[in-house]
Amino acid sequence: MKRLDLKTLLTGALAGLTAALLVLGASMQPSFFSAILYTASALPILIVGLGWGNAAAISAVVTAAALGAVLISPSFALIMALVTLLPAGWLSHLANLARPASELGGPDHLLAWYPLSDILLHLCGLVTIAVIVIGVMIGYGPEVTDPIVDLLITSVKQQQPDFMPDPAATAQTKSLILLMLPAVQGGMWVTMLFAAYYIAVRIVAASGRGLRPREDIPSSLRMNRNSIFIFLAGLAACFFGGVAALIGATVIGAFGAGFMLSGFAALHFRTRGKDWRLPALILCYLASMLMLLPALLILVLGLGDTRKAIALTPAKDADAPKQSDTKI
């Protein structure tokens, strides 16, 4: 058993080393590719957590954070842990949770796995907290975003000397950018981390080490009903201004991305078997990336379909081989 534990810890440490190298590579490339590397750094943590358990995930997180602190700085390690390491480790832990279905009123011979809707809820909450903490660390506020708007206006003036910005419109733009950045950051990170989780699940399932059954994402990916109240609270906080508005914008971005993910999943589910399914889905994805209204419609679709889909599998001592999903 000790040799097995040591092997598990070493596997986790190797995954942590891989994650740290990916983050270091991302920090050296200030481009869109860096976001890909940051997201990819969550994959090793998720894979060892889903395939080897909590001990391997903890070993990976500690190793990656320690390397980040030694090679760069403790603050860099903290940001890395908040953004990728801890969310990835926690998601893998939740995904491996199961209990007898009889405790939920189901059959005695089945196991009920932690609902995907609750996993997505946790992801949105973790990203919200991470963005808020990082904002406090860097002193996020008008002094950070206002120079960006001023630089943009200066650039436009250089190209168009006759351009005279309206002071009121400039102030409104600065206020909008101040709220948009944390919202966009939270939304992007929820989407990218869930994509990493989905890829990790597929890899672990293909390797045969996965404990959790492979779920039908279009039918099971929905947001928890309680997340609606969190989303509405974030929306209300935006009207108070100041720090409350910044927190509210972060909540809207992170949880809005969760509802959009569930909205797209519902769209995939409802178009199954239709001849026009593929072109319609491609059109919806492109329109949502280019225009605000289609994205809002997908968001509303996710808001309108909140529930839990609990994956059930036979317990080890059960004879029934059947697998199913129970919707609550």
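Residues numbered from 1 in each chain as written. Predicted model: local features only at pLDDT ≥ 70, side-chain atom pairs only at ≥ 80, totals over all residues. Heavy atoms only, no water.

Taking the numbering used here, the UniProt-annotated feature "transmembrane region" (unreviewed entry) corresponds to residues 58–86, 119–140, 186–205, 226–245 and 281–304. Helix makes up 80% of residues 226–245 and strand makes up 0%, while its end C-alpha atoms are separated by 21 Å. From the first C-alpha to the last, residues 281–304 spans 19 Å; its make-up is 92% helix and 0% strand. (UniProt positions renumbered as here; feature names shortened; annotations may be inferred. Helix = DSSP H or I, 4+ residues; strand = E, 2+ residues; numbered from the N terminus.)

Glancing now at the pattern of salt bridges. Evaluated as defined, the whole model comprises four salt bridges. Across the pair arginine 222 and aspartate 305 runs a salt bridge whose closest N-O atoms are separated by 2.8 Å. Linking arginine 222 in the loop between α9 (217–220) and α10 (226–237) with aspartate 305 in the loop between α13 (292–303) and β3 (309–314), this pair joins segments that are 83 residues apart in sequence. An identical accessibility class is assigned to arginine 222 and aspartate 305; each is buried. (Salt bridge = Lys/Arg side-chain N within 4 Å of Asp/Glu carboxyl O. Buried < 20%, exposed > 50% of the residue type's maximum accessible area, 1.4 Å probe, protein only.)

This paragraph deals with the confidence of the model for the protein chain. Residues with a pLDDT of 70 or more make up 93% of the protein chain, whose mean pLDDT is 85. Every residue in residues 318–328 scores below 50 in pLDDT, and together they form 30 contacts with partners more than four places removed in sequence or on other chains. (pLDDT = per-residue confidence, 0-100. Contact = heavy atoms within 4.5 Å.)

Taken as a whole and judged by the stated rule, the model has four aromatic pairs. Between the aromatic rings of tyrosine 38 and tryptophan 189, the centroid separation amounts to 6.5 Å while the plane-to-plane angle is 70°, which identifies the pairing as edge-to-face. You can see tyrosine 38 sitting in helix α2 (residues 32–40) and its partner tryptophan 189 sitting in helix α8 (residues 167–207), a full 151 residues away along the chain. Ring centres of phenylalanine 264 and tyrosine 285 lie 4.4 Å apart, and the angle between their planes is 5°; on these two criteria the pair is classed as stacked. A residue pair is termed long-range when its members are at least 10 positions apart, and phenylalanine 264 in helix α11 (residues 242–270) and tyrosine 285 in helix α12 (residues 277–290) qualify at 21 residues. Of the residues examined, phenylalanine 264 reaches a relative accessible area of 11% and is grouped as buried. On the accessibility criterion, tyrosine 285 (35% relative accessible area) is partly exposed. (Phe/Tyr/Trp six-rings, centres within 6.5 Å; stacked < 30°, edge-to-face > 60°.)

To continue, consider the packing of α11 against α12. One way to put it is that α11 packs onto α12 with a least axis distance of 10 Å and a crossing angle of 165°. Judged on the interaxial angle alone, α12 and α11 are roughly antiparallel. Judged by the twist between their axes, the crossing of α11 over α12 is right-handed. On α12, the residues touching Phe264, Leu267 and His268 of α11 are Arg277, Leu281, Cys284, Tyr285 and Ser288. (Axes fitted to C-alpha atoms, helices over the stretch in contact; angles between N-to-C directions. Parallel < 35°, antiparallel > 145°, perpendicular 65-115°, else oblique. Left-handed = near helix turned anticlockwise from the far one by under 90°.)

Moving on to a nonpolar patch on the surface. The grouping of Leu278, Ile282, Tyr285, Leu286, Met289, Leu290 and Met291 at the surface amounts to a nonpolar patch, some 780 Å² of accessible area in total. Residue position: methionine 291 is located in the loop between α12 and α13. (Patch = residues over 30% accessible without salt bridge, like charges linked within 9 Å, V, L, I, M, F, W, Y side chains within 5 Å. Areas by Shrake-Rupley, 256 points an atom, 1.4 Å probe, with all protein chains shown as cover.)

With that out of the way, let us pick up α8. With 41 residues, α8 should reach 60 Å at 1.5 Å per residue; the first-to-last C-alpha distance of 60 Å fits that figure. Residue methionine 180 marks the point of greatest curvature in α8, where the axis turns by about 25°; the proline proline 182 follows within four residues. Looking one or two places after α8, you find glycine 208, whose phi comes out positive at around 85°. (Expected span 1.5 Å × (residues − 1). Bend = angle between axes of the 7 residues up to and from the residue.)

Let's shift gears to the side chain of threonine 145. Inspection of the secondary structure assignment puts threonine 145 in helix α7 (residues 142–159). When its relative accessible area of 0% is taken as the criterion, threonine 145 is described as buried. Those residues in contact with threonine 145, other than ones at most four positions away along the chain, are Tyr140, Lys174, Ile177, Leu178 and Leu181.

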